[in-house]
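Take a look at the letters that make up each chain.
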Amino acid sequence: MIRGHMATYPAREPNLEVTLAAIAPQVEQLFLCLNEYTEVPAFLSAYKNIVPYLPEQDLKDIGKFVFEAEDDDDVFLLDDDLYYAPDYVDHMMSVLPSAADKAVVLGVHGSTMVEGFEERGFRRTFHKMRKPLESSICVDFVGTGTVYTKGRNLPPFAVMQSAQKFTDIRFAKWCFENGITHICVARKGRLIVAQETEDSIFHSFTKGLPDSVLGEVKEFGRKNPHLGQTAESFIAALGKGTRMSGELKGNEPWFS
């Protein structure tokens with residue numbers, strides 16, 4: 001199954017409507033965690049493939065990890081304030097065709113910690129989702145609103161439930177511990193565009209990352225021996241004789 005996982009809350013409803021119009025037609029089912037809602041909003045009835053979930057408590061961004069996928073499911077982790085290109089799912093599933101049976105997580109927004117960050121704080125370099133990327137490259141972590149991976153590469157909810165507002169970091173830490181590499185994928189044009197919102201986790205939390213969370217980053221940051229390698233050289237280093245293409249395929253610029 002090609003499935004999407006997303007979490008939202010009432011203040012984001014205008015953004016959510018835009019996001020769903022773009023991404024829901026691209027997946028077979030979209031599992032939607034409705035934080036702070038007391039009932040399923042009426043506009044969702046227009047979508048036959050959306051599976052709404054009303055949690056007993058506000059799960060915030062970890063709500064996208066509450067759903068259980070089968071090992072071979074193709075899973076897209078999504079954010080409610082992003083606008084996804086019409087060919088987003090197709091591109092993510094085709095840009096690295098040999099990735100499906102590998103321990104990898106693909107993403108569009110990639111981050112690599114800078115050398116010496118342990119003393120200098122949460123400093124990183126970006127492969128931003130709004131910019132093209134010539135070759136797919138191994139990074140420390142990708143944004144969880146831009147993830148494509150197999151269900152087997154997702155952590156149990158118990159791992160994520162204490163990671164509200166820093167799901168990117170906890171997810172990356174778990175992946176590192178389990179031998180799963182994050183790859184930021186090649187693209188010619190923009191695959192994702194951020195919508196305007198009144199609040200964001202980045203501005204309210206990530207910019208002033210607590211020491212305890214930085215401690216988690218130190219457990220995986222700059223420790224992957226393949227960091228900075230292209231996807232092709234990474235696969236070659238695995239010695240499995242499988243070529244993973246990092247060449248651009250399709251995805252002409254769609255948003256100016």
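Residues numbered from 1 in each chain as written. Predicted model: local features only at pLDDT ≥ 70, side-chain atom pairs only at ≥ 80, totals over all residues. Heavy atoms only, no water.

### Points about the overall build of the protein
Line of reasoning, step 1. Scanning the protein from terminus to terminus reveals eight helices and 13 strands.
Line of reasoning, step 2. For the protein, buried positions account for 52% of its 256 residues.
Line of reasoning, step 3. Carbon and sulfur atoms make up 48% of the accessible area of the protein, which totals about 11,700 Å². (Helix = DSSP H or I, 4+ residues; strand = E, 2+ residues; numbered from the N terminus. Buried < 20%, exposed > 50% of the residue type's maximum accessible area, 1.4 Å probe, protein only. Areas by Shrake-Rupley, 256 points an atom, 1.4 Å probe, with all protein chains shown as cover.)

### Side note on the nonpolar core
Line of reasoning, step 1. Counting residues in each nonpolar core, the largest one holds 37 residues, and the members touching the most others are Leu30, Tyr88, Met92 and Leu106.
Line of reasoning, step 2. For this core, the secondary structure elements donating two or more residues are strand E1 (2–8), helix H1 (13–23), strand E2 (29–34), strand E4 (74–79), strand E5 (82–84), helix H2 (88–94), strand E6 (104–107) and helix H8 (231–238).
Line of reasoning, step 3. If near-sequence neighbours (up to four positions away) are discounted, leucine 106 is found in contact with Met92, Leu96, Ala99, Val142, Thr146, Val147, Tyr148, Ile183 and Val185.
Line of reasoning, step 4. Grouped together as the second largest cluster of nonpolar side chains are 30 residues, Val75, Phe117, Trp174 and Leu214 included. (Core = buried A, V, L, I, M, F, W, Y, C linked by side-chain atoms within 4.5 Å. Contact = heavy atoms within 4.5 Å.)

### Points about the sheet that holds strand E10 (residues 141–142)
Line of reasoning, step 1. The antiparallel open sheet is built from three strands, whose spatial order is E8-E7-E10. Sheet topology places strand E8 (124–127) and E10 at the edges, where each strand pairs with a single neighbour.
Line of reasoning, step 2. Summarising the sheet, strand E7 (residues 110–113) and E8 pair through four bridges and their orientation is antiparallel. By the bridge assignment, methionine 113 is partnered in E8 with arginine 124. (Pairing = 2+ DSSP bridges.)

### So, the pairing of E4
Line of reasoning, step 1. Taken across its six residues, E4 has five buried, putting it largely inside the fold.
Line of reasoning, step 2. Note that E4 and strand E11 (residues 146–150) share five bridges and pair antiparallel. Residue pairing across strands places phenylalanine 76 opposite tyrosine 148, the latter belonging to E11.

### Focus on the pattern of salt bridges
Line of reasoning, step 1. Under the counting rule described, the total for this entry stands at 11 salt bridges.
Line of reasoning, step 2. As a salt-bridge pair, aspartate 81 and arginine 12 come within 3.7 Å of each other at their nearest N and O atoms. Pair noted here: aspartate 81 is in the loop between E4 and E5 and arginine 12 is in the loop between E1 and H1, with a separation of 69 residues, a long-range link. Take aspartate 81 and arginine 12: they sit in the same class, and that class is buried.
Line of reasoning, step 3. Linked by salt bridges that have partners in common, Arg12, Asp80 and Asp81 make up one network. (Salt bridge = Lys/Arg side-chain N within 4 Å of Asp/Glu carboxyl O.)

### Examining the packing of aromatic side chains
Line of reasoning, step 1. Per the stated rule, a full pass over the model turns up seven aromatic pairs.
Line of reasoning, step 2. Seen from their ring centres, phenylalanine 76 and tyrosine 148 are 4.7 Å apart, and the 20 degrees between their planes marks the pair as stacked. In this pair, phenylalanine 76 sits in strand E4 while tyrosine 148 sits in strand E11, placing the two residues 72 residues apart along the sequence.
Line of reasoning, step 3. A relative accessible area of 0% means that phenylalanine 76 is categorised as buried.
Line of reasoning, step 4. Chaining the aromatic ring pairs together yields one cluster made of Phe76, Tyr84, Tyr88 and Tyr148. (Phe/Tyr/Trp six-rings, centres within 6.5 Å; stacked < 30°, edge-to-face > 60°.)

### Overview of empty space enclosed by the protein
Line of reasoning, step 1. Counted under the stated rule, the structure contains one cavity of 30 Å³ or more.
Line of reasoning, step 2. Reported here for the largest cavity is a volume of approximately 70 Å³.
Line of reasoning, step 3. Every residue lining the largest cavity is listed: Val139, Asp140, Ala172, Phe176, Ile180, Thr181, His182, Phe220 and Asn224.
Line of reasoning, step 4. Contributions of two or more residues to the lining of the largest cavity are made by helix H5 (167–177) and strand E12 (181–184).
Line of reasoning, step 5. When grouped by side-chain class, the residues that make up the lining of the largest cavity number five nonpolar, three polar and one charged. (1 Å grid on protein atoms, 1.4 Å probe; cavity = no way out; pocket = protein on both sides within 12 Å on 5 of 7 lines; lining within 4 Å. Points joined across faces, edges and corners; volume = space filled by probe spheres on them. Nonpolar A, V, L, I, M, F, W, Y, C, P; charged D, E, K, R; others polar.)

### Notes on the side chain of asparagine 15
Line of reasoning, step 1. Assignment of secondary structure puts asparagine 15 in helix H1.
Line of reasoning, step 2. Owing to a relative accessible area of 10%, asparagine 15 belongs among the buried residues under this scheme.
Line of reasoning, step 3. In this structure the side chain of asparagine 15 is engaged in a polar contact, spanning 3.1 Å, whose partner is the side chain of glutamine 195.
Line of reasoning, step 4. Beyond its immediate sequence surroundings of up to four residues, asparagine 15 is in contact with Asp80, Asp81, Gln195, Glu196 and Thr197. (Polar contact = N/O pair within 3.5 Å; in protein donor to acceptor, adjacent residues only side chain to side chain.)

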